[in-house]
Amino acid sequence: MQFTEHNNSIKITVPVNLDALSAHDVNSQLSAAGFGRYFIIHDQIANLLVEYQQIQQKIKEQLQPEGTPLTYRIAEKRDAELAFMIAEDQMSAAAIITAAWGGAPISANVLVKGAQEAGIVFGFSKEHIIKLVTHASKADSGSKTKLVIARGRAVVHGQNSRFEPQIPEMQSRRNKPLVQTEDKADLRDFGVIPAVRAGDTLMRRHPPTAGVDGMLVNGTVIPAVAGQLIEWQFGDGAELSPNDADLLIAARDGLPRVIENGATVDEVFTVKNVDLATGHIIFKGSVVISGDVAEGMKVIAGGNVFIKGFVEGTLIEAGGDITIGGSIIGHQIANVEKDTEYSTELKANGDIQCNIAQYAKLTCDGNVYVNKQMMHCSVSAARVYAGPEDNPNGKVIGGYFYLDYGIFSGNLGAPSSSNIYIELNRLIDPIAEKQDVLRTSISAAKKDMQDIREQLEKLKKIEGNNQIELRKKALQQEFDDHRSVALALIEDVKQLEIQRKEKLSETLIVVRQQLFAAVEVHFGRDIVRSRREYGPSKILLIDGSPAIEPFF
């Protein structure tokens with residue numbers, strides 16, 4: 001066999017004799033001649049073998065002499081091929097290289113030039129381009145190699161003004177008792193109660209940011225939305241610094257408290273104990289009680305409430321946080337599930353912190369922090385931490401919980417299988433209620449549409465006149481209006497469902513030591529119940545279903 005190359009085509013010339021000739025013979029000789037990576041034209045090889053056999057037959061019949069040459073174009077050189085795939089959102093682009101059939105590979109420069117011609121002008125990755133062309137140059141002939149070579153830049157919208165408290169104690173202290181030695185801590189001592197004097201700095205306002213424009217791979221700019229300047233909200237006892245419009249200072253002595261976009265300085269009412277001698281305490285500022293709150297007494301404050309000792313009172317209510325160095329000791333008045341009444345109730349717009357809580361009703365917008373244990377309480381809060389926030393090792397025994405996100409504890413439940421009923425639905429229920437209202441409106445709209453459709457069907461059976469036609473048009477318009485409203489309401493329900501699932505995905509219960517039986521957890525309408533004892537566990541939604549998983 002002889003092979004000749006001309007204009008990127010490979011031709012074979014083979015003299016016909018009585019020896020057998022196969023496709024394998026041709027391919028082997030083609031590779032031996034240095035054309036193994038070329039594109040094989042299999043149809044031409046098949047035609048060659050057919051004609052070879054035909055001439056062989058003529059030679060056998062002595063109709064044609066041996067050595068008659070056959071020439072066929074059986075292979076060709078092909079350069080590597082280049083294609084591009086741009087993502088639908090224009091935020092990434094991939095190059096696809098089909099490896100050469102003996103021809104020229106794709107170089108990095110050729111790839112970049114081709115990408116630019118395809119409209120890809122931004123976000124090239126030099127590393128990925130070199131990796132792609134190197135791999136494709138060594139790949140099997142005709143194989144395809146794909147790699148992302150350019151990525152857009154995501155838009156970063158500006159942030160609004162940010163407010164930073166300048167006194168650490170203005171932030172919640174997260175139930176961390178004051179450590180006296182490495183092995184000893186006073187569980188009643190949460191440090192010095194934060195106080196300021198007139199002129200002390202309270203809060204700094206950081207200016208809004210401009211954001212960073214995004215860029216698609218085709219060069220289109222996605223403008224960033226600049227953050228907005230948020231105005232100060234001035235509480236009583238706070239004012240702007242005369243030298244800095246972004247600095248809030250105390251206008252009087254008192255207890256500082258964070259409010260939305262600002263701060264306030266509460267006046268302070270201090271008392272040793274709250275009992276029959278003092279009467280109920282109702283004060284617009286903050287209240288500091290260095291002793292205990294006796295049974296039957298009330299403390300209602302517009303600011304924070306600090307209680308050094310025990311609480312057995314009827315009501316503690318605060319516009320800020322409630323911090324108790326001792327314990328909350330209540331008792332059960334009526335034993336009706338989920339309607340149990342307690343002798344002691346605490347309400348806070350911020351957090352509630354204490355050492356121990358038993359048989360009490362706790363309601364707050366923030367978190368509940370219990371240093372050691374909580375027994376048979378009714379709690380409505382964002383989260384519950386039994387133990388320090390960074391190491392929740394306390395105990396939660398019995399009770400009812402209506403929470404935004406979850407519980408973090410050492411033990412949850414008890415060997416006696418005290419029932420714990422947990423609903424992680426405080427953020428979910430309002431969404432579900434809105435969905436129910438919308439679904440009722442959708443049903444009403446569908447009923448109206450059905451009534452209109454029936455009227456239209458009746459009118460179609462009546463011979464037309466101007467009045468009938470006008471009535472039909474009016475009904476059709478009314479039908480279309482109801483349909484538009486129904487579709488809008490259906491879309492609202494879908495959006496609320498997305499919100500509901502997002503909120504549920506953030507819920508989590510973590511038990512670091514032991515989870516006991518009789519703990520029932522509700523995720524929306526889904527329920528999971530522990531029916532035995534577990535080691536360290538977490539309770540969460542997995543693929544939309546509640547589950548109890550090991551916690552490592």
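Look above for the structure.
For clarity, every value in this text was computed on a predicted model and none was experimentally measured.

**Structural notes on the overall build of the protein**
In step 1: From N to C terminus, the protein includes 6 helices and 41 strands.
In step 2: Rg of the C-alpha trace for the protein: 40 Å, well past the compact-globule value of 24 Å for 552 residues, more than 25% over.
In step 3: Along the first, second and third principal axes, the C-alpha set of the protein runs to 135 × 90 × 65 Å.
In step 4: In the protein, buried positions account for 43% of the 552 residues.
In step 5: Within the protein, residue pairs in contact and separated by at least 24 positions form 51% of the contacts whose partners lie at least 6 positions apart.
In step 6: Computed over 59 positive and 70 negative side-chain charges, the inter-centroid distance for the protein is 3 Å.

**With respect to the pairing of strand β33 (residues 360-364)**
In step 1: Burial along β33 is one-sided: Ala-360, Leu-362 and Cys-364 are buried, and none of Lys-361 and Thr-363, which face the opposite way, are.
In step 2: Two elements, strand β31 (residues 344-348) and β33, share 5 bridges in a ladder whose sense is parallel. Bridge pairing links Thr-344 to Ala-360 in β33.

**A look at the nonpolar core**
In step 1: Ranked by internal contacts, the top residues of the largest apolar core, which has 53 residues, are Leu-362, Val-368, Val-379, Phe-401 and Ile-422.
In step 2: At 8 residues, the largest contribution of residues to this core is made by strand β34 (residues 368-386).
In step 3: Excluding residues that lie within four positions of it along the chain, Leu-362 makes contacts with Ile-328, Leu-346, Ile-352, Ala-357, Val-368, Met-374, Ser-378, Val-379 and Ser-380.

**What about helix α5 (residues 428-460)?**
In step 1: Its 33 residues place the ends of α5 47 Å apart at the C-alpha level, agreeing with the 48 Å of an ideal helix rising 1.5 Å per residue.
In step 2: Inspection of α5 places Ile-428, Ile-431, Ala-432, Gln-435, Leu-438, Ile-442, Ala-445, Met-449, Ile-452, Leu-456 and Leu-459 among the buried residues, and these make up the whole buried set.
In step 3: The elements touched by buried residues of α5 are α6 (466-505).

**Notes on the sheet that holds strand β6 (residues 92-98)**
In step 1: Reading across from one edge, β5-β6-β7 is the order of the 3 strands in this open sheet, with antiparallel pairing throughout. The outermost strands of the open sheet, each flanked by one partner alone, are β5 (81-86) and β7 (144-151). Each strand axis lies, on average, 25 degrees off the axis of its neighbour in the sheet, ignoring direction.
In step 2: This element, helix α3 (residues 108-117), spans β5, β6 and β7 of the sheet and lies at about 45 degrees to β5.
In step 3: On top of the sheet, helix α4 (residues 126-138) reaches β6 and β7; it is set at about 170 degrees to β7, its chief contact.

**Side note on the pattern of salt bridges**
In step 1: Taken as a whole and judged by the stated rule, the model has 16 salt bridges.
In step 2: When the shortest N-O distance is used, the salt bridge between Arg-205 and Asp-246 registers 2.8 Å. Here Arg-205 is found in strand β12 (residues 201-206), whereas its partner Asp-246 is found in strand β18 (residues 244-250), with 41 residues between them in sequence.
In step 3: Note on Arg-205: relative accessible area 8%, which makes it buried.
In step 4: With a relative accessible area of 22%, Asp-246 lands in the partly exposed category.
In step 5: One salt-bridge network, in which partners are shared between bridges, spans Arg-73, Glu-76 and Arg-78.

**Digging into the packing of aromatic side chains**
In step 1: By the definition in use, this model includes 7 aromatic pairs.
In step 2: With a centroid separation of 5.3 Å and an interplanar angle of 5 degrees, the aromatic rings of Tyr-369 and Tyr-385 are classed as stacked.
In step 3: Using a relative accessible area of 0% as the deciding quantity, one classes Tyr-369 as buried.
In step 4: Here a set of aromatic residues connected by ring pairs shows up, and it is made of Tyr-369, Tyr-385 and Phe-408.
In step 5: Sitting above the plane of the Phe-39 ring, Arg-78 keeps its charged end 3.6 Å from the centroid.
In step 6: Note that Arg-532 overlies the ring of Tyr-534, its terminal NZ or CZ placed 3.9 Å from the centroid.

**Observations regarding the sheet that holds strand β9 (residues 162-165)**
In step 1: Strand order in the open sheet made by the 4 strands is β9-β12-β18-β17, with antiparallel pairing throughout. The sheet is open, and its two edges are formed by β9 and β17 (238-241), each paired on a single side. Direction aside, neighbouring strands of the sheet carry axes that sit 30 degrees apart on average.
In step 2: Sheet topology places β12 next to β18; 3 bridges connect them, and they run antiparallel. Opposite Met-203, over in β18, you have Leu-248 as the bridge partner.

**With respect to unusual backbone geometry**
In step 1: If you check the backbone angles, Asn-8 has positive phi at about 65 degrees while not being a glycine.
In step 2: Relative to the helices and strands, Asn-8 resides in the loop between β1 (2-6) and β2 (9-16).
In step 3: Even without a glycine there, the phi angle at His-376 is positive, about 50 degrees.
In step 4: By secondary structure assignment, the location of His-376 is in strand β34.
In step 5: On the basis of relative accessibility, which here comes to 25%, the residue His-376 falls in the partly exposed class.

**Thoughts on the environment of Gly-36**
In step 1: As for its placement among the helices and strands, Gly-36 is situated in the loop between α1 (23-32) and β3 (39-40).
In step 2: Taking the C-alpha atoms as reference, Gly-36 lies 8.8 Å from Trp-101; in sequence the two are 65 residues apart.
In step 3: When sequence neighbours within four positions are dropped, the list of residues in contact with Gly-36 reads Leu-30 and Ser-31.

How each quantity is defined
- Residues numbered from 1 in each chain as written.
- Predicted model: local features only at pLDDT ≥ 70, side-chain atom pairs only at ≥ 80, totals over all residues.
- Heavy atoms only, no water.
- Helix = DSSP H or I, 4+ residues; strand = E, 2+ residues; numbered from the N terminus.
- Rg over C-alpha atoms; globule rule 2.2 N^0.38 Å.
- Buried < 20%, exposed > 50% of the residue type's maximum accessible area, 1.4 Å probe, protein only.
- Contact = heavy atoms within 4.5 Å.
- Lys, Arg positive; Asp, Glu negative; His and termini not counted.
- Charge placed at Lys NZ, Arg CZ, Asp CG, Glu CD.
- Pairing = 2+ DSSP bridges.
- Core = buried A, V, L, I, M, F, W, Y, C linked by side-chain atoms within 4.5 Å.
- Expected span 1.5 Å × (residues − 1).
- Axes fitted to C-alpha atoms, helices over the stretch in contact; angles between N-to-C directions.
- Salt bridge = Lys/Arg side-chain N within 4 Å of Asp/Glu carboxyl O.
- Phe/Tyr/Trp six-rings, centres within 6.5 Å; stacked < 30°, edge-to-face > 60°.
- Lys NZ or Arg CZ within 6 Å of the ring centre and 35° of its normal.

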